[in-house]
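Topology and contacts: notes
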Amino acid sequence: MTTLPEKGEEIFGYKVMDQTTVSMLGARITELSHACSGARVLYIENDDRELGFNLIYRTPQLDQSDSNHILEHLMLCSCSRYPSRDIFFDMDSKSYSTFMNGLTDNTYTCYPVCSQSEDQLLKIMDVFLCCMEEPDALKEDYFFRREALRYELESEDEELSLEGTVFNEDWGHLTDIQENADSFMAETLYEGQTASHLLGRAHFHYKDISFGRIRERFEKFYRYSNCLIVLYGKMDIARVLTFLDKEHLSRFPVAAGIVDHDLLSYFHEPVKQGFFKRQAESPAYEGNPGNNNGIIDYGIDLSGCSEQDLIFWDMVTDILDQDTSAIHRAAREKGLNNVIEVYLDTAPALPSLKFRLHNAKPGQDEEFLAAVKTGLKEVSENGVSSDLFHAVLKENRLSDCLTREAPHLGFHISEEIGKYWSTTDKTGYFTLYENCFDTFFQDEKQDILRRLAGDALTPSLSAVVTTVPKPGLAEAMEEEKEQYLKEKKASLSKKEILKLMEDTKDFQIWNQNDQCNLDFLIQPEDLPGPEAEPVISETVLHDIHCLSSAVSLKGIGCYQLFFDISGLKPSDWNYLTLYQMLLTELDTSHFTVEQQKNKEQELLYDCTFDELYPEREAGKNSHPMMSVFWYGLTEDFEEGLEPAVAQNLSRLVLAHRHGLDAASVDFSKIGSIVDHKSNEGGPQPVAAAHLDAEQVIGSEIHHHKLQHQGRASHDGYVYLDNGLEQPVF
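Read on for an overview of the structure. (Residues numbered from 1 in each chain as written. Predicted model: local features only at pLDDT ≥ 70, side-chain atom pairs only at ≥ 80, totals over all residues. Heavy atoms only, no water.)

1. Digging into the overall build of the protein
- Scanning the protein from terminus to terminus reveals 20 helices and 22 strands.
- Sequence-distant contacts in the protein: of pairs separated by 6 or more residues, those separated by 24 or more amount to 77%.
- Surface exposure of the protein reaches about 31,300 Å², of which carbon and sulfur atoms provide 48%. (Helix = DSSP H or I, 4+ residues; strand = E, 2+ residues; numbered from the N terminus. Contact = heavy atoms within 4.5 Å. Areas by Shrake-Rupley, 256 points an atom, 1.4 Å probe, with all protein chains shown as cover.)

Rendered as structure tokens:
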């Protein structure tokens, strides 16, 4: 395998611009610049078998016609080297790919693909790049009429109709009140600016859509000097870089006079100042049961924030969004028991801080705004409780530790990087994130949190927008469209009507063409072999069956405990379900509801309770069971047991094998009978525990004291005695 040179050196027609490592990805990241084409290439190198490629273009939304979305649909239809009715679906259904898509955002458009076969990945990359370079969809308008918009008329006596894939997709969101509320807020904060344009609005602006406009967008955005190519995983990077250089990039030298940095200016337009209020109507159909549910948004422009502060804001909103936060508490005190969201909105071209009240009624905006400001004032002066602060950050840390467990990771992380690159022209998002997280985590005095909350109390630009459903408005828009089509038909001459009828028939014949292309296929013998089965360690302690397997994750475990509930009468099983529903919702003798929620968030990531009944093939393990599942940091294992199990299930018989800090443990195989779970796309942790108890609900379980055996902490078996004299319910 080729080792890439150091920063400033050149290789295969590229210059190394930067190199860094990101621990949460287990990766070494190298950024390269292709001298001839001006393309940027980012190689994220780690040991992931699922390789990734993502071709990302900077594509600001210049209007509300959804042109970038239409163009995304058109680009992977066909090209001269791979002619097809729809090459994307040929590849998606017949190639050895694990993920493939085209996605449009408000600041970028990307074309990702993942595969465990490098040979297959290279062939699909070739198809993608050929389609970007010479798309058949821009040579003739058949593809445009299919994917974007077309007028159809089959006979002189029939009504004119309006069809098209993107148009119909967008029209399907006509009554989506959350999307409409987002658009109203963007228009209020950034009226007349690029940031006021959101994707997916073709149903409101279909009269502006044209084939000529789509071609203009292609010429403006689709060139290698305006793209970022992301490569991911354990690949032969010399082979891939050489392929890109010789087969594609060097064939398209950067044009003289082209300055792609000009596109960045759309994301840094100056904003107005002031506070604005608006009430807007969202289309709704008569008789819809949700017609009484409005949305009130309070938005604060953050376009003046530094890149670091935007990441800090993402962490701050995680804290403010908690049910136990000062904002939620202030809202409840004002009688607002609605669902409230607090989040950093980076979907538009400019970022904003968003406070959203769901199921709102007109007239609640003042109370909601007062509650938000009361909460922000409290946080700016006093911060938040240490329990809440650490609970949220521990949850984020757990999530970061599990990043490598996600399937199609090459796509997901490249999308995050692409979003960051599209507005900043930088690629070091994850390095910046890790540094900011460490800084925020170590800020025990909460200076950053209090500073940002204080800034939000005196914003330069903010708005309150109330979005209410308008019954009958959806029908009115349907009627407006029909009237537009009637008037358009009436304006056509006899000759134009006959031409439209001919075009309609011609399109229908073309659309029935089933031409496909399979030139991207690889031979079965070229496929990679299966991943090796994990080595499983097995032991029995105190009649508890334990299995474990070490994997490459460090400092985190995946735990699942199984309890024998065969002592329960079937008629009592419903009470068990009710009991599980009430967990963390009622005070106990040891913890308040708020303490339980904080503990669960801090120690028990993705905690779930389930029942199962293994089949007869499980032998002695074929009986009703209840499982408790969670992820947690290995350093928190013992502490996590009490909120996970002890306070809810009284005395516990538990043995757990966790011999290495690098081990991730998944208790998901009972008595080596039930098949273990397989987490797609990452290391495959496997382990099991079978816990036998006299009864789980309503009586005590055998007593065991907490102790360690082995060479060091977290090495050996752990037994727990929660110290409770009575079970807690």
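2. Re helix α9 (residues 307-320)
- An ideal rise of 1.5 Å per residue puts 20 Å on 14 residues; α9 measures up with 20 Å between its terminal C-alpha atoms.
- Taken as a whole, α9 has its buried residues at Asp309, Ile311, Phe312, Trp313, Met315, Val316, Thr317, Ile319 and Leu320. (Expected span 1.5 Å × (residues − 1). Buried < 20%, exposed > 50% of the residue type's maximum accessible area, 1.4 Å probe, protein only.)

3. Section: the side chain of glutamate 72
- Mapped onto the elements, glutamate 72 comes out in helix α1 (residues 67-75).
- It is arginine 146 that comes nearest to the buried, bridge-free glutamate 72 among opposite-charge side chains, at 11 Å. (Lys, Arg positive; Asp, Glu negative; His and termini not counted. Salt bridge = Lys/Arg side-chain N within 4 Å of Asp/Glu carboxyl O.)

4. Observations concerning the sheet that holds strand β13 (residues 294-301)
- Read across the open sheet, the five strands follow the order β12-β16-β13-β15-β14; overall the sheet is mixed. Looking along the sheet, the strands with just one partner apiece sit at the ends: β12 (274-284) and β14 (340-345). The average undirected angle you get between the axes of adjacent strands in this sheet is 20°.
- Pairing of β13 with strand β15 (residues 352-360), which is carried by seven bridges, proceeds in the antiparallel orientation. Among the inter-strand pairings, glycine 299 is bridged to a residue of β15, identified as lysine 354.
- Helix-sheet contacts for helix α6 (residues 177-189) involve β12, β13, β14, β15 and β16 (461-471), and the interaxial angle to β16 is about 145°. (Pairing = 2+ DSSP bridges. Axes fitted to C-alpha atoms, helices over the stretch in contact; angles between N-to-C directions.)

5. A closer look at unusual backbone geometry
- Even without being a glycine, asparagine 359 presents a positive backbone phi close to 50°.
- In this structure, aspartate 425 is a non-glycine residue whose phi angle is positive, near 70°.
- Tracing the backbone shows aspartate 425 in the loop between α13 (409-424) and α14 (429-441).

6. A short note on the environment of asparagine 180
- The residue asparagine 180 is located in helix α6 in this model.
- The spacing of asparagine 180 and proline 283 is 103 residues in sequence and 8.7 Å in space, taken between C-alpha atoms.
- For asparagine 180, the residues in contact, after removing those within four places along its chain, are Leu174, Thr175, Arg201, Phe204, Ser282 and Pro283.

7. With respect to the pairing of β16
- By the criterion of burial, β16 is predominantly enclosed, with nine of the 11 residues buried.
- Sheet topology places β12 next to β16; 11 bridges connect them, and they run parallel. If you follow arginine 278 over to β16, its bridge partner there is valine 465.
- Relative to β16, β13 runs antiparallel, the two sharing six bridges. By the bridge assignment, tyrosine 298 is partnered in β16 with valine 464.

8. Thoughts on the sheet that holds strand β19 (residues 556-564)
- Reading across from one edge, β19-β21-β20 is the order of the three strands in this open sheet, with antiparallel pairing throughout. Strands at the two margins of the open sheet, each flanked by one partner only, are β19 and β20 (605-612). Pairs of neighbouring strands in the sheet enclose a mean axial angle of 15°, with direction left out of account.
- Strand direction decides the pairing type here: β20 and strand β21 (residues 625-633), joined by six bridges, are antiparallel.

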